[in-house]
Amino acid sequence: MNLRDGPEDVAFRDEVRRFLEDNLVGEFAELGGRGGSGDETYGFEVRRRWEKVLAEGGWTCLGWPTEHGGRGASMAAQVIFNEEYARAAAPGRVSILGEGLLGPTLIHYGTEAQKQRFLPPIRQGTELWCQGYSEPDAGSDLANVKTRAELDGDEWVITGQKVWTSGAHQSDWCFVVCRTDPESRRHYGLSYLLVPMGQPGIEVRPIVQLTRTGEFNEVFFDGARTRRDHVVGAPGDGWKVALATLSYERGVALLGHQLSFRRELDRIVALAQQNGRSGDPVIRQRLARAHVELSIMRYNTLRSLSGVDGPVAPPEASIAKLYWASWHRSLGELALSVMGPSATVLDDGPYEMNELQRSFLFSRAETIYGGSNQIQRNIIGERVLGLPPEPKGAA
């Protein structure tokens with residue numbers, strides 16, 4: 001594929017840069033690009049205001065069809081936007097799950113009434129969403145769903161528990177995979193429900209992590225309710241819809257994410273030069289290796305997206321997920337080696353972690369969330385390479 005910008009790409013890149021230069025000022029610029037992965041609780045209210053600035057400028061939901069309020073942007077344009085967004089150190093987005101996951105799912109599977117009700121608030125940044133998939137006994141084994149929903153007149157009544165629910169404590173709605181056929185097993189008899197969070201019958205408990213933040217949550221449903229027509233697809237088709245949502249999780253945003261990785265690596269190199277660690281031949285080799293592998297990451301991601309025109313990422317995107325998660329974990333280890341003994345000490349009060357310490361700790365989660373490294377290897381083996389499926393134990 002051609003890695004150089006064509007005339008249209010150059011014009012679009014300039015347009016993105018002008019918007020960011022004109023609007024990324026004041027409290028938005030002061031965030032310094034914070035609020036991304038592992039730092040999602042930082043500056044939340046400011047980032048929510050920034051979401052509305054993006055919406056007013058027409059910079060949300062770029063890949064959505066124009067009839068649903070998007071720009072119908074090509075994959076190349078979405079790549080350019082994400083690259084420039086990361087390069088400008090713009091705030092971490094707060095509407096990723098609504099814009100990137102639920103929105104495309106509704107466009108494909110939702111009713112016209114659902115599209116009219118839910119797509120505009122997502123595009124405008126006024127309603128935030130979380131994802132109710134994982135359960136205590138159904139993490140990577142998504143089909144092992146025990147949360148159930150029963151019809152009571154014109155409403156679904158939901159009972160059960162979800163876990164590792166990112167942003168649940170800040171979300172207005174949740175798309176929840178429930179078992180609506182009590183006699184069913186595995187991926188049969190599931191439904192995909194849209195559930196309002198601010199109601200009796202829902203309790204959210206943040207899970208405090210090593211980074212002292214709590215963007216992951218436990219969510220308990222005890223008689224929570226949602227309207228009968230808030231099921232996406234037909235009742236019992238939830239597995240198909242849930243897999244469609246998962247297919248939107250990989251792809252174009254990773255290229256912008258890689259610029260954040262580049263800034264992080266540059267900071268580690270600068271620190272090594274400052275404290276003299278760059279003179280250590282082993283550290284120099286590790287820094288060089290990190291640079292080379294980051295370049296490989298970019299080209300491999302571009303290759304996986306080549307020929308894709310739309311938000312759905314191909315199964316090969318699991319290669320990118322496995323690669324970047326493992327690479328970033330190694331980068332965190334390299335950062336602590338460069339910091340030396342000070343890596344184990346927090347700065348003076350209020351004793352907060354610095355960016356490299358926080359990144360080291362949170363990167364451990366990146367090899368687990370969104371599908372663990374082991375699951376990604378299974379997907380690559382079975383769906384990309386066509387190998388026989390992993391043997392299953394006796395039922």
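The notes below deal with the structure included here. Just so we're clear, the structure is a prediction, and the values are computed from it rather than from any experiment.

**Digging into the overall build of the protein**
For step 1, the next point in the chain: A count of helical and extended segments in the protein gives 12 helices and 8 strands.
For step 2, the next point in the chain: In terms of C-alpha radius of gyration, the protein reaches 22 Å, essentially the compact-globule figure of 21 Å for 395 residues.
For step 3, the next point in the chain: Along the three orthogonal principal directions, the C-alpha set of the protein runs to about 70 × 50 × 50 Å.
For step 4, the next point in the chain: Residues counted as buried form 48% of the 395 residues belonging to the protein.
For step 5, the next point in the chain: Taking the intrachain contacts of the protein between residues at least 6 apart in sequence as the baseline, contacts between residues at least 24 apart amount to 73%.
For step 6, the next point in the chain: Carbon and sulfur atoms provide 52% of the accessible area of the protein, an area that totals close to 19100 Å².
For step 7, the next point in the chain: On the protein, the mean spot of the 44 positive side-chain charges and the mean spot of the 51 negative ones are 4 Å from each other.

**Some thoughts on the packing of helix α1 (residues 7-23) against helix α3 (residues 44-56)**
For step 1, the next point in the chain: Between α1 and α3, the shortest axis-to-axis distance is 12 Å and the interhelical angle comes to 135°. Looking at the two axes, α1 sits oblique to α3. With respect to the hand of their crossing, α1 and α3 are arranged in right-handed fashion. Residue-level inspection shows Phe-19, Leu-20 and Asn-23 of α1 in contact with α3, the latter providing Trp-50, Val-53 and Leu-54.
For step 2, the next point in the chain: Residues that form the contact of α1 with α3 fall into these classes: 5 nonpolar, 1 polar and no charged.

**Overview of the pairing of strand β5 (residues 190-196)**
For step 1, the next point in the chain: Among the 7 residues of β5, 6 are classified as buried, and the element is accordingly described as predominantly covered.
For step 2, the next point in the chain: Taken together, the 7 bridges between strand β4 (residues 173-179) and β5 define a ladder with antiparallel strand orientation. Within β5, the position partnered with Val-177 by the bridge is Tyr-192.
For step 3, the next point in the chain: In this structure, β5 lies alongside strand β8 (residues 231-232), joined through 2 bridges in antiparallel fashion. Residue pairing in the sheet places Tyr-192 in a bridge with Val-232 of β8.

**A few points about the side chain of Lys-162**
For step 1, the next point in the chain: Its location among the elements puts Lys-162 in strand β3 (residues 155-162).
For step 2, the next point in the chain: Here Lys-162 falls in the buried class, since its relative accessible area comes to 1%.
For step 3, the next point in the chain: Those residues within four positions of Lys-162 in sequence are excluded, and the remaining contacts are Gly-132, Tyr-133, Ser-134, Glu-135, Val-145, Thr-147, Val-176, Val-177, Asn-217, Glu-218, Val-219 and Phe-221.

**A closer look at the packing of aromatic side chains**
For step 1, the next point in the chain: Within the structure shown, the criterion is met by 16 aromatic pairs.
For step 2, the next point in the chain: Between Trp-164 and Phe-216, the ring centres sit 6.1 Å apart and the planes meet at 85°, which makes this aromatic pair edge-to-face. On the criterion of sequence distance, the pair formed by Trp-164 in the loop between β3 and β4 and Phe-216 in the loop between β6 (202-206) and β7 (217-227) is long-range, its members being 52 residues apart.
For step 3, the next point in the chain: Pairing Phe-216 with Phe-362 gives two aromatic rings, centres 6.1 Å apart and planes at 25°, and the pair type is stacked. Pair noted here: Phe-216 is in the loop between β6 and β7 and Phe-362 is in helix α11 (residues 355-366), with a separation of 146 residues, a long-range link.
For step 4, the next point in the chain: The exposure class assigned to Phe-216 is buried, which follows from its relative accessible area of 9%.

**Some words on the pattern of salt bridges**
Oppositely charged side chains may form a pair once their charged atoms are brought near each other.
For step 1, the next point in the chain: Counting across every chain of the model gives 22 salt bridges.
For step 2, the next point in the chain: Of the charged contacts in the structure, one is a salt bridge between Arg-13 and Glu-83, with a shortest N-O distance of 3.2 Å. Here the residue Arg-13 occupies a position in helix α1, and Glu-83 occupies one in helix α4 (residues 75-87), the gap between them amounting to 70 residues.
For step 3, the next point in the chain: Accessibility expressed as a relative area gives 11% for Arg-13, which makes it buried.
For step 4, the next point in the chain: We classify Glu-83 as buried; its relative accessible area is 6%.
For step 5, the next point in the chain: Taking the shortest distance from any N to any O, the salt bridge between Arg-277 and Asp-280 comes out at 3.8 Å.
For step 6, the next point in the chain: On the basis of relative accessibility, which here comes to 31%, the residue Arg-277 falls in the partly exposed class.

**Quick look at unusual backbone geometry**
Residues other than glycine predominantly adopt negative phi, and peptide bonds predominantly adopt the trans conformation.
For step 1, the next point in the chain: One non-glycine residue, Cys-61, lies in positive phi territory at about 55°.
For step 2, the next point in the chain: Residue classification places Cys-61 among the buried positions, given a relative accessible area of 1%.
For step 3, the next point in the chain: Even without being glycine, Trp-164 reaches a positive phi, approximately 60°.

Cut-offs and rules
- Residues numbered from 1 in each chain as written.
- Predicted model: local features only at pLDDT ≥ 70, side-chain atom pairs only at ≥ 80, totals over all residues.
- Heavy atoms only, no water.
- Helix = DSSP H or I, 4+ residues; strand = E, 2+ residues; numbered from the N terminus.
- Rg over C-alpha atoms; globule rule 2.2 N^0.38 Å.
- Buried < 20%, exposed > 50% of the residue type's maximum accessible area, 1.4 Å probe, protein only.
- Contact = heavy atoms within 4.5 Å.
- Areas by Shrake-Rupley, 256 points an atom, 1.4 Å probe, with all protein chains shown as cover.
- Lys, Arg positive; Asp, Glu negative; His and termini not counted.
- Charge placed at Lys NZ, Arg CZ, Asp CG, Glu CD.
- Axes fitted to C-alpha atoms, helices over the stretch in contact; angles between N-to-C directions.
- Parallel < 35°, antiparallel > 145°, perpendicular 65-115°, else oblique.
- Left-handed = near helix turned anticlockwise from the far one by under 90°.
- Nonpolar A, V, L, I, M, F, W, Y, C, P; charged D, E, K, R; others polar.
- Pairing = 2+ DSSP bridges.
- Phe/Tyr/Trp six-rings, centres within 6.5 Å; stacked < 30°, edge-to-face > 60°.
- Salt bridge = Lys/Arg side-chain N within 4 Å of Asp/Glu carboxyl O.

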